[in-house]
Structures are given as structure tokens and as C-alpha cells.
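This is what each chain is made of:
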Amino acid sequence: TGPCSDRQSDCSAVAGWLLQRIGPVKVIEIGTSYGRQLPTFVPHASRVVCVDPMYDWVPDIREVHGFEPDRVSQAKLDTWRQNVEPWKEKVELVIGNSYHVHGDPAHSASFAGASLLIIDGCHHPADLVAKDYENFRRFMTSPHYVIWDDIGMPDVQGAADRFPGPYKDLFGARLCFF
């Protein structure tokens, strides 16, 4: 539940379309939630690393908020696992706050070498949506792609606009090439 739960964005369709054209590459998805979008693009990826605190709802998590393991929703986790079951060998879930896990050496190998970064902007203020890209771009290949989900939200568009480069707005998402 939450303010974005009834919105329809097709960032997963954009990801699937892109992956079919560039070939199977590693993907980092920040904000996987229940994993409902994964079946659209996981079959076309070589590996997908998802980052999410797996709380029932994540209202505007700030960078200063630490990860609270007691808030992890078992029901959400179970639904996510069901959604990735057919591809469980190539999908990894990193449970935690994106503002902290990027700096954890335990996850560096999982993130390294990704060519596509998907950032869900629905639950972050603009400065932290931008920070997700700033924090994870060191793991990205050169060149790489970023899909900013929820581009119609002013905070997300403001964050994406901070990084100039070729882009196309498609189906409620912005696809950028860096």
C-alpha cells in the first residue's frame, strides 16, 4: 500500500525492451517492492540484483534512517520470492536501505559490472533519488543505462534532470544512456 501502489508505470516494459536489444546484462533494481515488475525483464537479463528494505511500506526513507530489520515484512518477502521463483538462480535480493548497502563491501561484487540501473523514485525525495544514481554509478559499466521509474513525479524528474545525457521518456519512465 501507499501513494504509488495504484499507479501504473511500465518501467519494466522499458527494461525488457532495452534488454532484448542490448543483450543479457547485469541489472541493479533499486526499489523492487513485491517484485511484480521482475517477470517482464528478468528473462532478458544475465543477472538481477534487487535492493529494497522489504518494509510493508517505505514512506520517504531519508539517508539518515538506518535499516530496521524488525520492519521487514515476511508477507512481502514471500510474495517477492514467488514472483522470482522461475528465475531464482539469477536474481539476488539485498535487503536494506539503498543509501547504506552501496557502501557495504559484502555487496560490492554483486553490484559490480552492471549495465542497467533501475531506480524507483516513488518513495524518495528528489535529492535522494539522485543520490541513488550517484551512489551506484561506480558499479556500472561504461557505457550504461539508467531507467528512472515514476518520471512523472516532480521529485523524480528533478533528480533525473541533474544528470545530462541522451534520454527518452517512455511509459512513465525515463531511459538514459551514460
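Think of each chain on its own: its residues are numbered from 1, step by step along the sequence as written. With the structure being a predicted model, the display of local features is reserved for residues of pLDDT at least 70 and the display and counting of side-chain atom pairs for 80 or more, all residues being used for whole-chain, interface and lining totals. Hydrogens and water are ignored here; the side-chain numbers use all heavy atoms of the structure.

**Considerations on the sheet that holds strand β3 (residues 91-95)**
So, point 1. The pairing criterion is simple: DSSP has to find at least two bridges between the two strands. Secondary structure elements follow DSSP: runs of H or I no shorter than four residues count as helices, runs of E no shorter than two count as strands, and numbering proceeds from the N terminus. As summarised here, the arrangement of the seven strands in space is β3-β2-β1-β4-β5-β7-β6, forming an open sheet in which the pairing is mixed. Both edges of this open sheet fall to β3 and β6 (167-170), since each of them pairs with a single strand only. For this sheet the average axis-to-axis angle between neighbouring strands, irrespective of direction, equals 15 degrees.
So, point 2. Bridge count for strand β5 (residues 140-149) against strand β7 (residues 173-177) is five bridges, and the pairing is antiparallel. For D149, the partnering residue across the bridge sits in β7 and is A173.
So, point 3. Any two residues having at least one pair of non-hydrogen atoms within 4.5 Å are treated as being in contact. Lines are fitted to the C-alpha atoms to define the axes, a helix being fitted only along its stretch in contact, and any angle between axes, read from their N-to-C directions, falls within 0 to 180 degrees. Relative to the sheet, helix α1 (residues 11-22) contacts β1 (26-30), β4 (114-120), β5, β6 and β7, its axis offset from that of β5 by approximately 155 degrees.
So, point 4. Where helix α3 (residues 74-84) meets the sheet, its contacts fall on β2 (47-52) and β3, and the angle it forms with β3 comes to roughly 165 degrees.

**Some remarks on the environment of R21**
So, point 1. Secondary-structure assignment places R21 in helix α1.
So, point 2. Linking R21 and H44, residues 23 residues apart in sequence, is a C-alpha distance of 9.5 Å.
So, point 3. Any pair of nitrogen or oxygen atoms within 3.5 Å is treated as a polar contact; in protein, a donor-acceptor pairing is required on top of that, and neighbouring residues in sequence qualify only through side-chain atoms on both sides. A distance of 2.9 Å separates the side chain of R21 from the backbone oxygen of W17, its partner in a polar contact.

**Thoughts on the confidence of the model for the protein chain**
So, point 1. Along the chain, pLDDT gives the predictor's confidence residue by residue, from 0 to 100. Taken residue by residue, the protein chain gives an average pLDDT of 88. The fraction at 70 or more is 89%.
So, point 2. Predicted confidence is poor over residues 1-8, with pLDDT under 50, and the contacts of this stretch with residues over four places away or in other chains come to eight contacts.

**Comments concerning the pairing of β2**
Two faces, one strand: in a regular strand the side chains alternate between the faces of the sheet.
So, point 1. Type-normalised accessible area, obtained with a 1.4 Å probe on protein chains alone, sets the label of each residue: buried when under 20%, exposed when over 50%, and partly exposed for intermediate values. Judged by how many residues are buried, β2 sits mostly within the fold: five of six residues are covered.
So, point 2. Looking at chain direction, β1 and β2 are connected through five bridges and run parallel. Looking across to β2, one finds that I28 is bridged to V49.
So, point 3. As paired strands, β2 and β3 are joined by five bridges and run parallel to one another. Of the residues in β3, the one forming a bridge with V49 is E92.

**Some thoughts on α3**
Since there are 3.6 residues in each turn of an α-helix, residues three or four apart along the chain are aligned in direction.
So, point 1. Restricting attention to buried positions, one finds in α3 the residues K76, L77, W80 and V84. Along the axis of α3, the buried positions cluster into a sector of 100 degrees, meaning they face one direction only. Every exposed residue of α3 that faces more than 90 degrees away from the buried side is listed here: A75 and Q82.
So, point 2. Buried residues along α3 sit in contact with α2 (38-41), β2 and β3. Taken from the helix axis, the directions to the C-beta atoms give the arc we talk about.

**Side note on the pattern of salt bridges**
So, point 1. Any Lys or Arg side-chain nitrogen found within 4 Å of a carboxyl oxygen on Asp or Glu counts as a salt bridge. Scanning the entire structure with this criterion turns up six salt bridges.
So, point 2. A salt bridge links E68 to R71; the shortest N-O distance between them is 3.6 Å.
So, point 3. A relative accessible area of 33% places R71 in the partly exposed class.
So, point 4. Note that D169 and R174 form a salt bridge whose closest N and O atoms lie 2.6 Å from each other.
So, point 5. The exposure class of D169 is partly exposed, given its relative accessible area of 40%.

**Quick look at α1**
So, point 1. One less than the residue count of a helix, multiplied by 1.5 Å, gives the span that helix is expected to have. Between its terminal C-alpha atoms α1 stretches 16 Å, which fits the 16 Å expected from 12 residues at 1.5 Å a residue.
So, point 2. All of the buried residues in α1 are C11, S12, V14, A15, G16, L18 and L19.
So, point 3. As for α1, its buried residues are in contact with β1, α2, β4, β5, β6 and β7.

**Thoughts on the pairing of β6**
So, point 1. Judged from the four bridges that link them, β6 and β7 form a sheet pairing that is antiparallel. Following the sheet pairing, Y167 is matched in β7 by C176.
So, point 2. Taking the residues between adjacent antiparallel strands as the criterion, β6 and β7 are bridged by two residues, where F171 takes a positive phi near 50 degrees.

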